[in-house]
Amino acid sequence: MKASITALFSSLFITFSPALTAAEYYKCVTDKGTVFSQFPCGNRATKHRITVTDPDIQAPDNYVKQLNELEREQIIKRLEAEIRSQKHRLDILSRERDRAQYQQEQRLNRILSDSQSKQISKDIQKQLNSINKQYQRDVKKANKKLTDLEKKLARYN
C-alpha cells in the first residue's frame, strides 16, 4: 500500500511542470482500504493539496531592511491596539460616571419628607461633585496617555 502511495505522489510530481508549485489529489476510505487518486473516487472523497517549494530560491539580500519593516509594522499594530484600549477606557469611565450620577439622583426619589430631601440633596450634590472631579482626573490621565500613544504612532507612520 505504501509503495502505491509513493508511486502516486511521484507520478503526480512528474506530470506537473516545474513552474507549478502545487498538486491536488483525492483520498477515499473504502471497505477495501484507503485509495488515493487524481480524480474523486467516491462521494466521501477528501481533496488534498501538496505544495512544493523551489530549493534554488535565494533569500533576499536586504533582509535587515525587511526585518526592520516587520518590526515597525508590529510596533504600529501594538500602538494602535493600545490607543483603542485607551479610547475604550474613556468610554467605560464615562459610563461609570453616568451610572454613579444616576444612582445619586435616584436617592432623592426615595425620600419621604422635605427636610430629609434638602439634607440629602446637599449630600447628593457633594457626591456628584466628587464623582465629577474623579472623572475629570481619570479622563485627563487617559487623554494624556492617548496623546502620548498617538505621538508615538505618528513617529512610525
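Scroll up to find the structure this text is about.
Residues numbered from 1 in each chain as written. Predicted model: local features only at pLDDT ≥ 70, side-chain atom pairs only at ≥ 80, totals over all residues. Heavy atoms only, no water.

**Comments concerning the overall build of the protein**
What the protein contains, in helices and strands, is three helices and three strands. Traced from its N-terminal end to its C-terminal end, the protein shows the element sequence α-β-β-β-α-α. Buried positions account for 19% of the 157 residues belonging to the protein. Put simply, 55% of the contacts in the protein that link residues at least 6 apart link residues at least 24 apart. (Helix = DSSP H or I, 4+ residues; strand = E, 2+ residues; numbered from the N terminus. Buried < 20%, exposed > 50% of the residue type's maximum accessible area, 1.4 Å probe, protein only. Contact = heavy atoms within 4.5 Å.)

**Some thoughts on the environment of Y26**
Topologically, Y26 is positioned in strand β1 (residues 22-30). For Y26, a relative accessible area of 16% translates into the label buried. Taking the C-alpha atoms as reference points, Y26 and R44, separated by 18 residues in sequence, lie 9.8 Å from one another. Non-local contacts of Y26, meaning those with residues more than four positions away in its chain, are made with V35, F36, S37, Q38, F39, P40, A45, T46 and K47.

**Points about the packing of aromatic side chains**
Scanning all chains against the criterion turns up one aromatic pair. Considering the side-chain rings of Y25 and F36, the 5.9 Å spacing of their centres and the 50° angle between planes classify their relative orientation as tilted. With a gap of 11 residues between them, Y25 in strand β1 and F36 in strand β2 (residues 33-37) connect regions that are remote in the sequence. One Lys or Arg, R97, reaches over the ring of Y135 and ends 4.0 Å from the middle of that ring. (Phe/Tyr/Trp six-rings, centres within 6.5 Å; stacked < 30°, edge-to-face > 60°. Lys NZ or Arg CZ within 6 Å of the ring centre and 35° of its normal.)

**Here's the deal with the nonpolar core**
Of all hydrophobic cores here, the largest spans 12 residues; its members are I75, I76, L79, I83, L90, L93, Y135, V139, A142, L146, L149 and L153. Counting only elements with at least two residues in this core, the list comes to α2 (63-109) and α3 (114-156). (Core = buried A, V, L, I, M, F, W, Y, C linked by side-chain atoms within 4.5 Å.)

**Some remarks on the pattern of salt bridges**
Under the definition given, this model contains six salt bridges. The residue R97 makes a salt bridge to D98 at a minimum N-O spacing of 3.3 Å. Residue class for D98 comes out partly exposed when judged on its relative accessible area of 38%. D148 is the partner of K144 in a salt bridge, and the nearest nitrogen-oxygen pair spans 3.6 Å. Remark: D148 and K144 occur in helix α3; sequence separation between them is four residues, near one turn of the helix. Judged by relative accessible area, D148 falls into the partly exposed class, the value being 35%. Taken together, the salt bridges that share partners define one network made up of E24, K47 and R49. (Salt bridge = Lys/Arg side-chain N within 4 Å of Asp/Glu carboxyl O.)

By themselves, these observations are geometric and do not establish any function.
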